[in-house]
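Secondary and tertiary structure notes
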Number of protein chains: 2
Amino acid sequence: MAKMRAFSESSNTFRGLFAAKSLMKTVEIPSLRVALIGAGKLAWSLIPALQEAGAEIVQLISRDAARGQHDREAYGIPVGGTRPAELLPDLDLVLLTVSDASIPEVVGQLAGRLSPATVLAHCSGSVPLSALSGTGAQSGVFYPLQLFTRAARTPLQGVPFFLEGNPGALELLQPLATAVSGRWYPLDSAGRRQLHLAAVWACNFPNLLFRLAESLMPAGMDFRVYEPLVRQHIDKVFRELPAASQTGPALRGDLPTLQAHLQMLADQPALAELYRTLSDLIRPGVWEGQTKKGSPGEP
Amino acid sequence: MAKMRAFSESSNTFRGLFAAKSLMKTVEIPSLRVALIGAGKLAWSLIPALQEAGAEIVQLISRDAARGQHDREAYGIPVGGTRPAELLPDLDLVLLTVSDASIPEVVGQLAGRLSPATVLAHCSGSVPLSALSGTGAQSGVFYPLQLFTRAARTPLQGVPFFLEGNPGALELLQPLATAVSGRWYPLDSAGRRQLHLAAVWACNFPNLLFRLAESLMPAGMDFRVYEPLVRQHIDKVFRELPAASQTGPALRGDLPTLQAHLQMLADQPALAELYRTLSDLIRPGVWEGQTKKGSPGEP
């Protein structure tokens, strides 16, 4: 039995994590024989994090043989494969790092092939735990809430993991998440679906607004002039939370500025309508008493 | 003539700024006798930055006498006052750090009182230069694109300043912006209005989306679990720009996920409608071929 290093992290708070790092110590976790199915963006960051935590990645299966070989060489993984049916025996953990849409197909190919001592886990924010049933293994979810790219390794320390599974799966996944990240939460499939929906509002949709902002800037000016402002705002959001971080003309009920902005958007009716909708959600009733039709500059 | 330190910054790029810091040297700028009108959030950060750049803040005028006195004591400013008419003579620069709405009133009280050798400048993102006419002074705009608070000093190094004015004003404001920030751009009033409108899209509106995200999270979970994800995303936005940073189900045209999300928003029709609008702006036509009425989960 080799040992796996892990944080002695007991607090689930972010600040707690960094405070706890200085208390990092070796805890006894059995070494693990792990296989990954899927050589994508997540695997690129997860494999070295698992290795540094002391897990032994014994196999990487990828539909794309060339990419699988590339990644095995990069990370010193002895065995490859292109189909789930080629899985080695006697694995402690099989992690699915394929796309959400591929999970049912992969699980179907594993039906009846895994031992009850193996944990099969997926890493998806939106696929329910029940999608893993029928393989004969323990099943679990090991979901890191973070962006990944093959262009660079994303550090996993401090990344929140959301865990779900039967007791046998959690017994393995909890210490693994402690070792890899130091920050994890139990969350059922319904809660994870909510978390994923909220992430669309917290990340995908703000990015659209950044794109619209860029399109509205003075000609020739680089979007990066907003970097200090946006970063200062993000600092405030995570220090004081979003409700306390709201500013702007809509919050102040500053109708002359709101109307001047609508006038500047007069030739882009979809943006003007969105401006009006968002302003009214920032301060319900901000337009009250304004004639919806016929006010200056309205579409 | 005292000297004012300034960066020898010639590039207006953000990365250029940090590269140039190591080349920081003393350049010859005449010392300035400066008065501020307005003891608010901006003044709280701007006064010490001006002092560190070598300017002499000789007077702080504040409608709120107690706050004016507090700030004068904090920053060692010799003379106070509560009305613009109390301005000292022989000033090089009068900076208006009052609210946008108060600028016309303050300018009215200064009418005919300033010497042609004095520069009168405001620091507003949305007030035109023309609002400063009629005082007899040189007029200019000295607008820092940043959030300010009285709770803490906001560093001004690297904050983009946007400058406008007649030649006499720019001759003073340009080296001052170089000394205080190292990063400034010439921009006329129309361009500044565009910049301000785009800032609403880049900051105020994303904050609303963060608030909505928080309201949609699993019960009892802290918004700060999104901190690593959002910060990673913001890094990407300013490295690769917003268009290259878009992700999510709408971009992928992932209709099952979009419809599942709409179903989860079924009892909040305003959010469901906004979800649909934003998704369609991320990928125009994403709903095409979907029945608007009667699809699963739609309001």
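These notes cover the structure that comes with them.

Thresholds applied
- Residues numbered from 1 in each chain as written.
- Chains lettered and ligands numbered in written order.
- Predicted model: local features only at pLDDT ≥ 70, side-chain atom pairs only at ≥ 80, totals over all residues.
- Heavy atoms only, no water.
- Contact = heavy atoms within 4.5 Å.
- Buried area = accessible area lost by both parts, 1.4 Å probe.
- Salt bridge = Lys/Arg side-chain N within 4 Å of Asp/Glu carboxyl O.
- Polar contact = N/O pair within 3.5 Å; in protein donor to acceptor, adjacent residues only side chain to side chain.
- Helix = DSSP H or I, 4+ residues; strand = E, 2+ residues; numbered from the N terminus.
- Core = buried A, V, L, I, M, F, W, Y, C linked by side-chain atoms within 4.5 Å.
- Buried < 20%, exposed > 50% of the residue type's maximum accessible area, 1.4 Å probe, protein only.
- Phe/Tyr/Trp six-rings, centres within 6.5 Å; stacked < 30°, edge-to-face > 60°.
- Lys NZ or Arg CZ within 6 Å of the ring centre and 35° of its normal.
- Pairing = 2+ DSSP bridges.
- Axes fitted to C-alpha atoms, helices over the stretch in contact; angles between N-to-C directions.
- Least-squares fit on C-alpha atoms with pLDDT ≥ 70 in both.
- Arc of directions from axis to C-beta.

**Thoughts on the interface of chain A and chain B**
Listed as interface residues are 77 residues of chain A and, on the opposing side, 77 residues of chain B. Summed over both sides, the interface of chain A with chain B buries roughly 8200 Å², with 72% coming from carbon and sulfur. When residues of chain A are sorted by the area they lose upon contact with chain B, Trp 201, Arg 224 and Phe 238 of chain A head the list and together hold 10% of the total. Inspection of the chain A/chain B interface yields two salt bridges. Note that Arg 231 of chain B is salt-bridged to Asp 235 of chain A, the shortest N-O span being 2.9 Å. One can count 30 residue pairs in polar contact (both at pLDDT 80 or more) joining chain A with chain B. Where the side of chain A that touches chain B is concerned, the elements lending two or more residues are helix H6 (189-216), helix H7 (227-240), helix H9 (255-264) and helix H10 (269-282) of chain A.

**Digging into the nonpolar core**
In terms of nonpolar packing, the biggest core is built from 127 residues, with Trp 201 and Tyr 226 of chain A together with Trp 201 and Tyr 226 of chain B touching the most fellow members. Excluding its chain neighbours within four sequence positions, the residues that come into contact with Tyr 226 of chain B are Leu 145, Leu 195, Ala 198, Ala 199 and Phe 238 of chain A together with Met 217 of chain B.

**Digging into the packing of aromatic side chains**
Evaluation of the coordinates by the stated rule reveals 20 aromatic pairs over all chains. When the centroid spacing of 5.3 Å and the interplanar angle of 15 degrees are considered together, the rings of Phe 162 of chain A and Tyr 185 of chain A count as stacked. With Phe 162 of chain A in strand S8 (residues 161-165) and Tyr 185 of chain A in strand S9 (residues 184-186), this pair connects stretches of sequence that are 23 residues apart. Here Phe 223 of chain B and Tyr 226 of chain B contribute two aromatic rings whose centre-to-centre distance is 5.7 Å and whose plane-to-plane angle is 50 degrees, an arrangement assigned as tilted. A relative accessible area of 1% places Phe 223 of chain B in the buried class. In this structure an aromatic cluster arises from ring pairing among Phe 210, Phe 223 and Tyr 226 of chain A together with Phe 238 of chain B. One cation-aromatic arrangement involves Arg 276 of chain A over Trp 287 of chain A; the distance from NZ or CZ to the ring centre is 4.6 Å.

**Considerations on the sheet that holds strand S8 (residues 161-165) of chain B**
Residues and elements named next belong to chain B. The strand order S4-S3-S5-S6-S7-S8-S9 describes an open sheet built from seven strands, whose pairing is mixed. The open sheet terminates on both sides in strands that have one partner only, identified here as strand S4 (56-61) and strand S9 (184-186). Put simply, the sheet's adjacent strands are angled 25 degrees from each other on average, direction ignored. With four bridges joining them, strand S6 (residues 119-122) and strand S7 (residues 138-144) adopt parallel strand pairing.

**Concerning the relation of the copies chain A and chain B**
Here chain A sits on chain B after a turn of 180 degrees about the axis and a move of 0.0 Å along it, with an RMSD of 0.0 Å. A rotation of that kind, with that shift, is consistent with a two-fold axis. Minimal C-alpha separation from the rotation axis in chain A is found for Pro 206 of chain A, amounting to 2.4 Å. In this assembly, 100% of the residues forming the interface of chain A have copies in chain B that are likewise at the interface, indicating an isologous arrangement.

**What about the sheet that holds S9 of chain A?**
Residue and element names in this part refer to chain A. If you walk across this open sheet you meet the seven strands as S4-S3-S5-S6-S7-S8-S9, and the pairing is mixed. Here the strands that pair on one side only, and so sit at the sheet edges, are strand S4 (56-61) and S9. Adjacent strand axes in the sheet meet at a mean angle of 25 degrees, parallel and antiparallel pairs treated alike. Here strand S3 (residues 33-37) pairs with S4 via five bridges, running parallel. Directly across from Leu 36, in S4, lies its bridge partner Leu 60. Strand contacts of helix H2 (residues 41-52): S3, S4, strand S5 (93-96), strand S7 (138-144) and S8, with the helix running at about 160 degrees to S4, the strand carrying the most contacts. Running at roughly 20 degrees to S7, H6 makes contact with strand S6 (119-122), S7 and S8 of the sheet.

**Some points on helix H4 (residues 103-110) of chain B**
Residues and elements named next belong to chain B. Listed in full, the buried residues belonging to H4 are Ile 103, Val 106, Val 107 and Leu 110. Seen from one end, H4 has its buried residues packed into an arc of 100 degrees, which puts them on one side. Facing away from the buried surface of H4 by more than 90 degrees, the exposed residues are Pro 104 and Glu 105. For H4, the elements touching its buried residues are strand S3 (33-37), strand S5 (93-96) and S6.

In short, shape yes, function no, at least from these values alone.
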